[in-house]
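A look at the structure
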Amino acid sequence: MINTIVKAYSETLAKDQQNTILKKALENAITLAIEDRVNNRSEHDLNTLGYSYMQTEELDKALEVFKVATILFPESANAYDSYGEALLAAGKKTEAIEMYKKSIELNSENEHAKEVLLELKQG
């Protein structure tokens, strides 16, 4: 809800002011995500938030959320898989490959990551 208000407000500002406001909102969201983790929030919550940003084509925000998820949940193959997906959507193929490899390293049965890596190697 707060993000919606901030985004709507930022659209009334000049571009440089808009970027400043949105950057601060993102920083606050990351801080809150970290605090939520401390208060036993789940990886699932971060994953859901990241994908919601992807759906609204806010890739920078999605990338930050997924990056935080890999920091907070370093043993989660899913966190790396999701981060890889966002990186790929952002055109960051090399970084995406690394995330998918890490995901497979953590879960050798991750078929999604294997399929994506195969497609990337072929293309």
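Scope of this entry: the structure provided in the associated data block. None of these values were measured; they are calculated from a predicted model. (Residues numbered from 1 in each chain as written. Predicted model: local features only at pLDDT ≥ 70, side-chain atom pairs only at ≥ 80, totals over all residues. Heavy atoms only, no water.)

1. Some points on the overall build of the protein
Looking only at helices and strands, the protein has seven helices and zero strands in total. Residues classed as buried in the protein amount to 36% of the 123 residues present. Considering only contacts within the protein whose residues lie at least 6 apart along the sequence, 42% involve residues at least 24 apart. Per element, the accessible surface of the protein, about 7900 Å² overall, is 52% carbon and sulfur. (Helix = DSSP H or I, 4+ residues; strand = E, 2+ residues; numbered from the N terminus. Buried < 20%, exposed > 50% of the residue type's maximum accessible area, 1.4 Å probe, protein only. Contact = heavy atoms within 4.5 Å. Areas by Shrake-Rupley, 256 points an atom, 1.4 Å probe, with all protein chains shown as cover.)

2. Some remarks on the packing of helix H4 (residues 59-72) against helix H5 (residues 77-89)
The N-to-C vectors of H4 and H5 enclose an angle of 155°; their axes lie 9 Å apart at closest approach. With respect to H5, the element H4 is oriented roughly antiparallel. Pair H4 / H5 crosses with left-handed handedness. Residues Leu59, Leu63, Phe66, Lys67, Ala69 and Thr70 of H4 form the contact with H5, whose own contacting residues are Ala79, Tyr80, Ser82, Tyr83, Ala86, Leu87 and Ala89. Of the residues contributing to the contact of H4 with H5, the split by class is ten nonpolar, two polar and one charged. (Axes fitted to C-alpha atoms, helices over the stretch in contact; angles between N-to-C directions. Parallel < 35°, antiparallel > 145°, perpendicular 65-115°, else oblique. Left-handed = near helix turned anticlockwise from the far one by under 90°. Nonpolar A, V, L, I, M, F, W, Y, C, P; charged D, E, K, R; others polar.)

3. Brief notes about the side chain of threonine 70
You can see threonine 70 is positioned in helix H4. Accessibility expressed as a relative area gives 8% for threonine 70, which makes it buried.

4. Section: unusual backbone geometry
A positive phi is found at glutamate 57, a non-glycine position, where the angle reads about 60°. Summarising the element assignment, glutamate 57 is placed in the loop between helix H3 (43-55) and H4.

5. Points about the pattern of salt bridges
This structure, assessed with the given rule, holds three salt bridges. One salt bridge connects lysine 61 with glutamate 58, and the closest N-O pair in it is separated by 2.9 Å. Exposure class is identical for lysine 61 and glutamate 58. Each is buried. (Salt bridge = Lys/Arg side-chain N within 4 Å of Asp/Glu carboxyl O.)

6. Comments concerning the packing of aromatic side chains
Inspection of the entire model under this criterion finds one aromatic pair. When the ring of tyrosine 51 is compared with that of phenylalanine 66, the centres are 5.1 Å apart and the planes differ by 70°; the resulting orientation is edge-to-face. You can see tyrosine 51 sitting in helix H3 and its partner phenylalanine 66 sitting in helix H4, a full 15 residues away along the chain. Residue classification places tyrosine 51 among the partly exposed residues on the basis of a relative accessible area of 24%. (Phe/Tyr/Trp six-rings, centres within 6.5 Å; stacked < 30°, edge-to-face > 60°.)

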